[in-house]
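# Understanding the architecture of this molecule
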Amino acid sequence: MNPHCIMIHRIFCNSDGFVEKLDLSNMNLSGIVSDQLDLSCNGFSSALPESLRSLNFLKIIDVSQNNFVGKFPYGVGEFAGMISINPSSNNFEGLLPYDLVSASSLESLDLRGSFFEGSIPSSFNNL
């Protein structure tokens, strides 16, 4: 069993000890919700959910150094203000989502150590 699942009762794990849900409801939290999603340096081994594209307020996505598989979700490149995407050191495969080309505010894209196919668009030369 994952010890973090025992220590924090709002992290829900399956019978194999893998995190399935993080529940922060009814905790009287306050402040500003971050525009960053950082799941880096963990042991996630599933596909990233397509619903990631609904988090269109994000400016930074770092899912590096995990074992994510499958295709990187389409739609992230359409986020207004997206400045950094780091899917490096995972097991992503397939073509890069073509919407990343239209991410006009993107400053950083780190693709090292994943298994994307195809060529990198020339528009990324300025990153």
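One structure accompanies this document, and this report is about it. Think of each chain on its own: its residues are numbered from 1, step by step along the sequence as written. Only residues with pLDDT of 70 or above have their local features reported here, since the model is predicted, and side-chain atom pairs are shown and tallied only from 80 upward, although totals for entire chains, interfaces and linings are computed over all residues. Processing note: side-chain calculations cover all non-hydrogen atoms of the structure and skip hydrogens and water entirely.

Residues enter patches when their relative accessible area tops 30% and they take part in no salt bridge; the joining distance is 9 Å for like charges and 5 Å for the nonpolar side chains Val, Leu, Ile, Met, Phe, Trp and Tyr. In these tables, accessible area is a Shrake-Rupley quantity obtained with a 1.4 Å probe, and a residue counts as shielded only by the protein chains included in the view. Salt-bridge detection follows one rule: a side-chain nitrogen of Lys or Arg within 4 Å of a carboxyl oxygen of Asp or Glu. Among the surface-exposed residues, L22, L24, M27 and L29 lie close enough to one another that they form a single nonpolar patch of about 410 Å² accessible area. Mapped onto the fold, L24 is located in the loop between β2 (19-22) and β3 (36-38). Helix and strand definitions follow DSSP, with helices as H or I runs of at least four residues and strands as E runs of at least two, each counted in order from the N terminus.

Turning our attention to the environment of I83. Note on placement: I83 falls in the loop between β5 (69-70) and β6 (84-86). Taking the C-alpha atoms as reference points, I83 and R10, 73 residues apart in sequence, are found 31 Å from one another. Here, two residues are considered to be in contact whenever any of their heavy atoms come within 4.5 Å of each other. The contacts of I83, once residues within four sequence positions are left out, are K59, I60, S105, L106, E107 and S108.

A separate point is the packing of aromatic side chains. Side-chain rings of Phe, Tyr and Trp (the six-membered ring for Trp) are treated as a pair once their centres are within 6.5 Å; stacked means planes under 30 degrees apart, edge-to-face means over 60, and tilted covers the remaining angles. One pass over the structure, following the stated rule, counts five aromatic pairs. Here the aromatic rings of F72 and F92 are separated by 5.4 Å at their centres, their planes lie at 85°, and the arrangement is edge-to-face. Residue F72 is found in the loop between β5 and β6, and its partner F92 is found in strand β7 (residues 91-95); the two are separated by 20 residues along the sequence. Here F72 and F92 have matching classes, each one buried. An aromatic cluster of three or more residues is present, and its members are F44, F68, F72, F92 and F116. Buried means the residue's accessible area, taken with a 1.4 Å probe over protein chains only, is under 20% of the maximum for its type, while exposed means over 50%, and partly exposed covers the values in between.

Scanning the model with the defined rule gives two salt bridges in all. Here E50 makes a salt bridge to R53, at a shortest N to O gap of 2.9 Å. According to the relative accessible area criterion, E50 is partly exposed, its value standing at 40%. The class for R53 is partly exposed, based on a relative accessible area of 42%.

On to the sheet that holds strand β8 (residues 108-109), then. A sheet is described by the order of its strands in space; here four strands give the open sequence β3-β4-β6-β8, paired in parallel fashion. Taken across any chain shown, the strands that pair with only one partner, and hence form the sheet edges, are β3 and β8. Judged from the three bridges that link them, β3 and strand β4 (residues 60-62) form a sheet pairing that is parallel. Directly across from D38, in β4, lies its bridge partner D62. Any two strands between which DSSP finds at least two bridges are classified as paired.

What follows is about the side chain of S84. Along the polypeptide, S84 turns up in strand β6. Leaving out residues up to four positions away in the same chain, S84 has contacts with K59, I60, I61, L106 and S108.

With 20 residues, the main nonpolar core has I61, F72, V76, M82 and I85 as its most contacted residues. If sequence neighbours within four positions are ignored, F72 has contacts with L48, V63, I85, P87, F92, P97 and F116. Buried Ala, Val, Leu, Ile, Met, Phe, Trp, Tyr and Cys residues that are joined via side-chain atoms within 4.5 Å together make up what is termed a nonpolar core.

A word on the sheet that holds strand β9 (residues 115-117). Strand order in the open sheet formed by three strands is β5-β7-β9, with parallel pairing between adjacent strands. At either margin of the open sheet sits one strand with a lone partner, and together these are β5 and β9. Two strands pair when backbone bridges link them, and β5 and β7 are joined in this way by two bridges, in the parallel orientation. Within the sheet, the bridge partner assigned to G70 lies in β7 and is F92.

All right, on to the pairing of β2 then. Judged from the three bridges that link them, strand β1 (residues 11-13) and β2 form a sheet pairing that is antiparallel. By the bridge assignment, I11 is partnered in β2 with L22. Between β1 and β2, which follow one another and run antiparallel, lie five residues, and G17 among them has a positive phi close to 90°.

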